[in-house]
Structure formats: C-alpha cells, structure tokens
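Inside the fold
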Amino acid sequence: MKKTDYLIVGCGLFGSVLAERITSILKKKVIILEKRDHIAGNIYSHIDPYTGIEYHKYGTHIFHTSHDIVWNYINQFTSFNSYRHQSLAEYKNKIYQLPINLETINSFFNKNYNPDEAKKFITKITKKYRNEKNYNFESKALSQIGKDLYEAFIKNYTKKQWGKDPVDLPGTIFNRLPLRFNYDETYQKNSRWSGVPEEGYTNFVKKLLDNKKIEVKLNKNFDLKNNTYNVKYFTIYTGPLDKLFGYQHGKLDWRSLKFEKKVVNTEDFQGNSVINYPELKYKFTRIHEPKHLHPERNYFKNNKTIIIKEYPKKDNKEPYYPINDLQNRQKQKKYSVTARKVNNFLFGGRLANYAYYDMDMTILAALTLFKKIKKITT
Ligand SMILES: Cc1cc2nc3c(=O)[nH]c(=O)nc-3n(C[C@H](O)[C@H](O)[C@H](O)COP(=O)(O)OP(=O)(O)OC[C@H]3O[C@@H](n4cnc5c(N)ncnc54)[C@H](O)[C@@H]3O)c2cc1C
C-alpha cells in the first residue's frame, strides 16, 4: 500500500484546516477519511435545487470572531458578506428582540423605560429571588430577569432544548445569556468581525482542500482496528472518542436536532433568518429562513423561500450539543487518557473533545494543534 504522511479522520472544519496547514506548510501528503457523503462536516452548505437558495444542512451558521489569527487565516480562503445576525422570539403571537434588551423589556411590559428606569424595574422584580446560595438554572434566571420574562422566553425553550426541567440544570448555563439595558440587539456583540462566507461554507472548505497533496475519501467510516493505512507520522482523529474505543467507559450523551425543510411560495416568510419559538405548544424551537443570510445575492427576486424547522431530540447517533454534566465530563476524561496511549495518534475538534466550539474556536484549536505537529515532525 502507498505510504501517506498523515491520515485525518473527519472532513469537518477542524480536519480541513489541519489538512491545509500540513500540505501547504509542511509539504506533506494527507488522506482524509469522511464517513458522510460530503465534505465540510457540520458547516456544510448546499444549494436547494428547486429554489436555488443556499442553506446550512446542520443549522444556521454565522461566523464571528475577535481573534486576529483566525480572521487573517480564514480571509485567505473566503471573503465575508455584510450579514449581521439578529435574534427574535415569538411569544403569544408577538415578535420580541433577543437577547433581552431595553426594547424587549418595554415591549413586553408595555412601558417606555429609559435604561435607569429599566434597571430599577428589573432590580425590583428580581429582589425576592436573589437570596439563594446554590443557584440552579431556574433560580439563577429568576434572580436576573424575574418570573415573567423567564417564563415567556427561557423556561420552556430550555425544557425543549435540553429535554430537562430547568431546575435540574446548573446555574452556570444561565450566566451565558446576556441582559441589556440599552437598545443593542446585536447578537455577536463582542466579536470584531462577523458574516457568512460570500461563496458559502462548502466552497470555503473546498478552497481549504484545494491542494494536490490532499486526497479526500468520502463514505469511509474509520475505526482503529481497520487502520490499515500506511501512515508515516500521525493519524488525527476528529470523531467521538467513545465510539472509537467501543464505549469502554460508557456512552457520552449528546443532544441532537432534527431539521424539517419546506419550500414556501412567498418572497419572505418571516423577515429574519431565525426566529425562536419558546412556547411548549410548538414542538420545534426555531424556524430558519436561509434566504436572509445572503443579502448580497438576488434571492428576494425569487417568489419562493425555504423554511427549516428545528426540533431538539435526545440522540447519540447525530451528536450536536455535549451534555456538560459531571458524569459526562468524567467519561470524556477517561477517553482522553485512553486516546493518549495510542501510538502516533492525535485527536481534536468538537466531537473528539466533547465540547461546543464556535467555528473560530475550532480554527484556533486546529492551528494550535498544527504548531504541535510541526514541532514534533520537523
Ligand atoms: C446547531 C449548531 C449551530 C451552530 N452555529 C454556529 C454559528 O452560528 N457560529 C459558529 O461559529 N459556530 C456554530 N456552530 C459550531 C460549528 O458547527 C463547529 O465549530 C464546527 O462544525 C466544528 O467542526 P469540527 O470539524 O470539529 O466537527 P464536525 O463538523 O462535526 O466534523 C467532524 C467530521 O468527522 C466525521 N467523522 C466522525 N467520525 C468519523 C469516523 N469514524 N470516520 C470518518 N469520519 C468521521 C463527521 O462525519 C464529521 O464530518 C454550531 C453548532 C451547532 C451544533
């Protein structure tokens, strides 16, 4: 069998960035094995043949970062459009802005508070919830936004998303939901750059892989026993570790999603790329309308649109969100120890690390692993 320098398992963002670096900087050969029938992993985008609209098969993806290293790197392979994400929620047939800000507060309570008045109001309605020592998700949320906003926008959305009562979730998760006392409704407020690749995510990944030294093999499921590839340096694995090691330390739990796509005969279905549906009467949590992600394209001349309903579900087959509890963290630790004992084997990416990474963090992690590889092999 022909010798290859590196074997990468998984053609997602993490594996593709590493393949690009190894081939263009180290000038070595890479074979990528991908079990799906397409490249790009979960950032895969595809043009719907009926409407001509590009959509993200695994959920709407908006790139955002404040890391110069990541921004300079990614701009070698794609430019970004001017799309800026705005999040909305429908509650009792009315649309509200998210994250909760002054507009949400005023609209929800039918007031016209200025920032100081809104702060005083929220302080007053949360006072009785601010005396706990060990907050769970629900008590933490109540202590920050009060009962009415919590029950409208957070409680049932969380129940649907995580399949758990919020009182059984850690308070630390709620720390991440911002509350603003101004009219700033920007979603990625803290990111210096954001947008969607002008040519789409799949074309961006194609550019990463555009090197004669990279060979991509689709529909190839890797397992350790069948690692018969003649690899000179390392196998770099970006899939889940529990499956690779025969679930010897137990199964890692994931939350999964199901997407239901439909063509609608209208120019604009909802006026925004994503709307959240926090009420329990809807089984789905969000409706995506991908047309809005590319304001630079002529999509609105089209009298058709695509909408995609997102349904959360429990599933280990199609992993989306890791369950960040103690049990799963301990299992993952054991798998990491097991994986480090395998010769000439490295791992990384969201699945192998059992972590939620935004795309910029995925790129940063791949560039960091590349530095290590470079040091060892040159
Ligand atoms: C619903 C959702 C929305 C998101 N939205 C955003 C967003 O708006 N902005 C943002 O910055 N980030 C977003 N992210 C995060 C983003 O999707 C990740 O950062 C990125 O996809 C991680 O890339 P990866 O290569 O680590 O994993 P993946 O894309 O999952 O790639 C891993 C690849 O390995 C393959 N594989 C696994 N096991 C094997 C095996 N045994 N053999 C062969 N191949 C295998 C898989 O098929 C997959 O293609 C979102 C994530 C989710 C879940």
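What you see is a predicted model, and the numbers here were worked out from it, not measured in a lab.

Another point: the site of the ligand. The ligand sits among 33 residues. The nearest are Gly-10, Gly-12, Gly-41, Gly-239 and Gly-349. When residues of the shell around the ligand are traced back to their parent elements, those giving at least two are α1 (13-24), α9 (349-352) and α10 (359-377). By residue class, the composition of the shell around the ligand is 14 nonpolar, 12 polar and seven charged.

By the assigned domains, the protein chain splits into domain 1 (4-84 + 198-252 + 324-377) and domain 2 (101-176). Summarising the inter-unit geometry, the C-alpha centres of domain 1 and domain 2 are found 37 Å apart.

As a rule of thumb, soluble globular proteins bury nonpolar side chains together. Membership of the largest hydrophobic core comes to 49 residues, with the highest contact counts inside it found for Ile-8, Leu-18, Ala-19, Val-30, Ile-32, Ile-236 and Ile-363. Ignoring sequence-local partners within four residues, the contact set of Val-30 consists of Asp-5, Tyr-6, Ile-8, Ala-19, Ile-22, Thr-23, Lys-213 and Ile-214.

We now examine the sheet that holds strand β7 (residues 94-98). An order of β7-β6-β12-β13-β14-β11-β15 is seen for the seven strands of this open sheet, with the pairing classed as mixed. Pairing within the sheet leaves two strands with one partner each, and these edge strands are β7 and β15 (321-322). Of the strand pairs in this sheet, strand β12 (residues 274-276) and strand β13 (residues 286-288) are connected by three bridges, and their pairing is antiparallel. Across the sheet, residue Asn-276 finds its bridge partner in β13, namely Arg-286.

Turning to the sheet that holds strand β2 (residues 30-33), a few remarks are in order. Two strands in a sheet stick together by hydrogen bonds in their backbones, pointing the same way (parallel) or opposite ways (antiparallel). With respect to topology, five strands assemble into an open sheet ordered β9-β2-β1-β10-β16, the strand pairing being parallel. Looking at strand neighbours, the two that pair on one side only are β9 (214-217) and β16 (345-347), the edges of this open sheet. The average angle at which neighbouring strand axes cross in this sheet is 20 degrees, direction not considered. Two elements, strand β1 (residues 4-9) and β2, share four bridges in a ladder whose sense is parallel.

About the thresholds
Residues numbered from 1 in each chain as written. Predicted model: local features only at pLDDT ≥ 70, side-chain atom pairs only at ≥ 80, totals over all residues. Near = placed C-beta within 6 Å. Helix = DSSP H or I, 4+ residues; strand = E, 2+ residues; numbered from the N terminus. Nonpolar A, V, L, I, M, F, W, Y, C, P; charged D, E, K, R; others polar. Domains from an automatic or database assignment. Core = buried A, V, L, I, M, F, W, Y, C linked by C-beta atoms within 7 Å. Buried ≥ 20, exposed ≤ 12 C-beta atoms within 10 Å, placed from the backbone. Contact = placed C-beta atoms within 7 Å. Pairing = 2+ DSSP bridges. Axes fitted to C-alpha atoms, helices over the stretch in contact; angles between N-to-C directions.

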